Amino acid sequence: MSATLAAERRVAVEAVLQACRVCQKVFNHLVAGETIIKDDRSPVTVADYSAQAVVNTYLAEHFPQDLVVGEESARDLQGEVGRALREKVLSLSNAVLRVPLTESKLLTAIDRGSYGGGPRGRHWTLDPIDGTKGFLRGDQFAVCLALIEDGEVRLGVMGCPNLPAAHLGQAAQATASPPGERGCLFIAEKGHGAFTRSLVSDVETRIHVSDTRDCRDARFCESVEAAHSSHSDASRVGQDLGITQDSIRMDSQCKYGCIARGDADIYLRLPASATYVEKIWDHASGALLVEEAGGIVTDVDGKHLDFSRGRFLDANRGVVAANARIHSEVLRAVQKVLQNPERA
Ligand SMILES: Nc1ncnc2c1ncn2[C@@H]1O[C@H](COP(=O)(O)OS(=O)(=O)O)[C@@H](OP(=O)(O)O)[C@H]1O
Ligand SMILES: [Mg+2]
Ligand SMILES: [Mg+2]
Ligand SMILES: [Mg+2]
């Protein structure tokens, strides 16, 4: 078994918790001008930038040699055009940092995420807010940080400030505001298991995927946005497997968290476009979490997700995550559906 990453785990947990605090300050309070649309037409908010600045500042302080593959760049915060956004991001970041950043250090911290990744050495990958659309809707989102060594994910930490702490029961919809405590942190270290805790207490509990053996008893956890994962193909897979339970629809890598703690049994990300290529920060921490909780994560061709290729998962198509008892049957159904030339 590999050596533990105790220092990296501690720093990653602290960094993600502070980034979650930033997100919580902004959650449900965004005003005009605090959200912009990027070139790829996806949204980014002051909280995404600030969470990236905060995590990267922690990483730079403790591991100055480490590189970071982060989702966001400081481009839209530069110069006169970016002034209002920059000032807001600076004040949000400095509210949680021990040593305040200057404007220029803020931009440097965000752009520490510009590394291209690849097969050798060690680097982090950061999605400062995964599920930005969920964040804007007041639903689920996650701060996702993972450590990759020689192309393998070794550590994953995921903060889910709006995820119910209790297991989602049979009828529960995570987006429908069930009562009770919210906020979960998920931690997985390769070869050492998967754990959850609240955002405010450091007591960790080991988690495991469900023990569902019969696919007819299984439940999907799936994307909210049909543009991110084909709902129609997922429904065909569900029919093939004889699934009758309603899916839990939820944004972000919280879906991996729900599979890892057994709230649901299957997460499918079925390509909705022939050209979209998944990004490593959208899957690194979540995939390790499910594997360390006893599940299996592959792409739709049954291949291991390959995090060694740079910023993109360009050797893979889609994602099939499920408990180990049913993964092969789910994969067979996915392949049958995707290979059917008659599907519209
Ligand atoms: N076309 C397409 N296909 C697949 N994936 C895409 C696509 N466009 C965007 N993205 C990425 O989806 C990330 C959010 O994924 P989610 O699982 O939260 O999607 S969903 O809201 O539940 O539908 C989202 O991550 P964030 O930008 O961090 O929110 C994007 O990286
Ligand atoms: Mg984004
Ligand atoms: Mg994302
Ligand atoms: Mg993001």
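Residues numbered from 1 in each chain as written. Chains lettered and ligands numbered in written order. Predicted model: local features only at pLDDT ≥ 70, side-chain atom pairs only at ≥ 80, totals over all residues. Heavy atoms only, no water.

Peer 1: Which parts of the structure should I look at to understand the sheet that holds strand E13 (residues 295–298)?
Peer 2: In sheet architecture, strand pairing relies on hydrogen bonds along the backbone and comes in two forms, parallel and antiparallel. A sheet is described by the order of its strands in space; here three strands give the open sequence E12-E14-E13, paired in antiparallel fashion. Only two strands of the sheet have a single neighbouring strand rather than two, namely strand E12 (266–269) and E13. Sheet twist, expressed as the average angle between the axes of neighbouring strands with direction ignored, equals 5 degrees. Strand contacts of helix H9 (residues 327–339): E12, E13 and strand E14 (319–323), with the helix running at about 150 degrees to E14, the strand carrying the most contacts. (Pairing = 2+ DSSP bridges. Helix = DSSP H or I, 4+ residues; strand = E, 2+ residues; numbered from the N terminus. Axes fitted to C-alpha atoms, helices over the stretch in contact; angles between N-to-C directions. Contact = heavy atoms within 4.5 Å.)

Peer 1: Where do I start with helix H1 (residues 6–26) in this structure?
Peer 2: In this model H1 runs 31 Å from its N-terminal to its C-terminal C-alpha over 21 residues, within 8% of the 30 Å that 1.5 Å per residue would give. Phi turns positive one or two residues past the end of H1, at Asn28, with a value near 70 degrees. (Expected span 1.5 Å × (residues − 1).)

Peer 1: I tried to follow the coordination of the magnesium ion (ligand 4) on my own but got confused; where do I start?
Peer 2: Four donors placed tetrahedrally around a metal ideally meet at 109.5 degrees, and six donors placed octahedrally ideally meet at 90 or 180 degrees. At this site the magnesium ion (ligand 4) is bound by Glu71 (OE), Asp127 (OD) and Ile129 (O), with donor distances of 2.0 to 2.2 Å. Look at where the donors of the magnesium ion (ligand 4) fall in the sequence and you get E-x55-D-x1-I. Taken as a pair, the magnesium ion (ligand 4) and the magnesium ion (ligand 2) show a spacing of 3.5 Å, with Glu71 coordinating each metal. Within this pair, whereas Glu71 is found in the loop between strand E3 (67–70) and helix H3 (83–94), its partner Ile129 is found in strand E4 (residues 122–130), the two being separated by 58 residues in sequence. On the basis of relative accessible area, Ile129 is assigned to the buried category, the value being 1%. (Donors = N, O, S within 2.8 Å, 3.2 Å for Na, K, Ca; no water. Buried < 20%, exposed > 50% of the residue type's maximum accessible area, 1.4 Å probe, protein only.)

Peer 1: I would appreciate a short explanation of the UniProt feature "binding site: Mg(2+)" (unreviewed entry) in the protein in the present structure.
Peer 2: As recorded in UniProt, the sites labelled "binding site: Mg(2+)" (unreviewed entry) are Glu71, Asp127, Ile129, Asp130 and Asp282. With the annotated positions falling across 212 residues, the maximum pairwise C-alpha distance of 9.7 Å places them together in a single cluster. Summarising the element assignment, Asp127 is placed in strand E4. Polar contacts involving the side chain of Asp127 include one to the main-chain amide nitrogen of Asp130, which spans 3.4 Å. Tracing the backbone through its elements, the reader meets Asp282 in the loop between E12 and helix H8 (284–292). Taking relative accessible area as the criterion, Asp282 reaches 13% and is therefore assigned buried. Those residues in contact with Asp282, other than ones at most four positions away along the chain, are Asp127, Asp130, Gln253, Tyr256 and Tyr276. (UniProt positions renumbered as here; feature names shortened; annotations may be inferred. Polar contact = N/O pair within 3.5 Å; in protein donor to acceptor, adjacent residues only side chain to side chain.)

Peer 1: So what exactly am I meant to see when it comes to the sheet that holds strand E7 (residues 182–189) here?
Peer 2: Within the open sheet, the seven strands sit side by side as E3-E4-E5-E6-E7-E8-E9. Their pairing is mixed. Of all strands in the sheet, those bounded by a partner on one side alone are E3 and strand E9 (205–206). Pairing of strand E8 (residues 194–197) with E9, which is carried by two bridges, proceeds in the antiparallel orientation. In the sheet register, Thr196 faces E9, and the bridge partner there is Thr205. Along the sheet face, helix H2 (residues 46–62) touches E3, E4 and strand E5 (142–149) and points at about 155 degrees away from the line of E4. The sheet strands contacting H8 are E4, E5, strand E6 (152–164), E7 and E8, and the helix crosses E6 at an angle near 95 degrees.

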